[in-house]
Amino acid sequence: MLPKGSANLFAALGDDARLRIVSRLCDRGPMSITGLTEGSKITRQAITRHLRVMEGSGLVRGARHGRESVWELDRRRVEEAGRYLDMISKHWDDALLRLRTFVEDRDK
Amino acid sequence: MNTDRIEKQILLRAPLKRVWRAISDAAEFGSWFGMKVDGPFVPGAHLHAVVTQTTVDPKVAETQKTYEGAPFELMIEQMTPDRLFSFRWHPFAIDQSVDYSAEPTTLVEFTLEETENGVMLTITESGFDGIPPERRARAFAANEGGWSMMVGLISLYVTRAQ
């Protein structure tokens, strides 16, 4: 069963800017807001806002390091989000194998 | 990270006409997929289907028993002979206590391409971003019931395919 609040997870991920933040945190590991703002088209304030939304659904968490917070992904939650598509994806893998058996065996 | 779309490819070592018939003929499709529909596949058709047991894999057929008779709907979109077959449906609409009719559908496309070694079949299913979050959450719950068994059966293949 899904942990409580998982529906929020999809809402939190359903935004291009947030997906970009997630993918940067995936690639580079924990980052500060300053690091996340560098090379990004959106403002520090907007990034902070997105991080707060994602923090609310358990997707990322921030920890103080000196003067700045460092943000990192909660990988367990990210994996959960991928599970829905994985399930459907696996059904297709399975269906395709059946189709292969069907068209290859009967044609011999 | 694409949350809207799934894409799958498989090379089928069979003639193009054979593969086309297997996906475009409702009875043949139903035979391998494990479903029975109430009419032929024609563009624009709105068909009622029920889950049946696949004829090609006894182990999968056994797990499909759990859902045998479960109704779902197919809205046929495009049919270009030997090239493209597409339909819309409600993904994971297996909870019979839920009315899915008002929810957005996903688009499933079968694309065929003849190659030297056989027919390259590409399946895409897209439109998942339109499915309400709470609906996705319910799909997880439904999955715990019986689909997980099916997933177990093919885990070996999935691992090899990666």
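Shown above is the structure to which this text applies.
Residues numbered from 1 in each chain as written. Chains lettered and ligands numbered in written order. Predicted model: local features only at pLDDT ≥ 70, side-chain atom pairs only at ≥ 80, totals over all residues. Heavy atoms only, no water.

For the rest of this paragraph, the subject is the pairing of strand E4 (residues 71-80) of chain B. All names here are of chain B. In this structure, strand E3 (residues 46-51) lies alongside E4, joined through 5 bridges in antiparallel fashion. Note that in E4 the partner of Ala49 across the bridge is Phe72. Two elements, E4 and strand E5 (residues 84-89), share 4 bridges in a ladder whose sense is antiparallel. When the bridges of E5 are listed, Thr80 appears paired with Leu84. (Pairing = 2+ DSSP bridges. Helix = DSSP H or I, 4+ residues; strand = E, 2+ residues; numbered from the N terminus.)

On to the nonpolar core, then. In this structure, Trp92 of chain A together with Phe29, Trp32, Phe41, Leu74, Phe87 and Phe110 of chain B are the most contacted members of the largest nonpolar core, which totals 44 residues. Examining the composition of this core, we find that 8 residues originate from one element, helix H5 (residues 75-105) of chain A, more than from any other. Residues contacting Phe29 of chain B, with those up to four places away along its chain left out, are Ala22, Ile23, Gly34, Met35, Phe41, Phe85, Phe87 and Phe110 of chain B. Grouped together as the second largest cluster of nonpolar side chains are 13 residues, Met31, Ile47, Leu51 and Met54 of chain A included. (Core = buried A, V, L, I, M, F, W, Y, C linked by side-chain atoms within 4.5 Å. Buried < 20%, exposed > 50% of the residue type's maximum accessible area, 1.4 Å probe, protein only. Contact = heavy atoms within 4.5 Å.)

Residues and elements named next belong to chain B. Pairing is antiparallel in the open sheet, where 7 strands are placed in the order E1-E7-E6-E5-E4-E3-E2. Strand pairing shows two members of the sheet lacking a second neighbour, strand E1 (5-12) and strand E2 (35-37), which therefore form its edges. For this sheet, the mean angle separating the axes of adjacent strands, direction not counted, is 25°. Relative to strand E6 (residues 106-115), E5 runs antiparallel, the two being bridged by 6 bridges. In the sheet register, Phe87 faces E6, and the bridge partner there is Val108. Its contacts with the sheet put helix H2 (residues 26-33) on E2, E5 and E6, and the angle it makes with E2 is roughly 160°. (Axes fitted to C-alpha atoms, helices over the stretch in contact; angles between N-to-C directions.)

Taken as a whole, this structure holds 10 salt bridges over all chains when the rule is applied. The closest approach of N and O atoms between Glu72 of chain A and Arg61 of chain A, which form a salt bridge, is 3.5 Å. Here Arg61 of chain A lies in strand E2 (residues 60-65) and Glu72 of chain A lies in strand E3 (residues 68-73), a separation of 11 residues in the sequence. For Arg61 of chain A, a relative accessible area of 42% corresponds to the partly exposed category. What emerges from the salt-bridge pattern is a single network uniting Arg18, Arg21 and Glu28 of chain B. (Salt bridge = Lys/Arg side-chain N within 4 Å of Asp/Glu carboxyl O.)

Residue and element names in this part refer to chain A. In spatial order, the strands read E1-E3-E2; together these 3 strands make up an open sheet with antiparallel pairing. Pairing within the sheet leaves two strands with one partner each, and these edge strands are strand E1 (31-32) and E2. Examined bridge by bridge, E2 and E3 share 6 bridges and lie antiparallel to one another. Each residue of the ladder has a partner; that of Gly62, found in E3, is Trp71. The sheet strands contacting helix H2 (residues 16-28) are E1, E2 and E3, and the helix crosses E3 at an angle near 90°.

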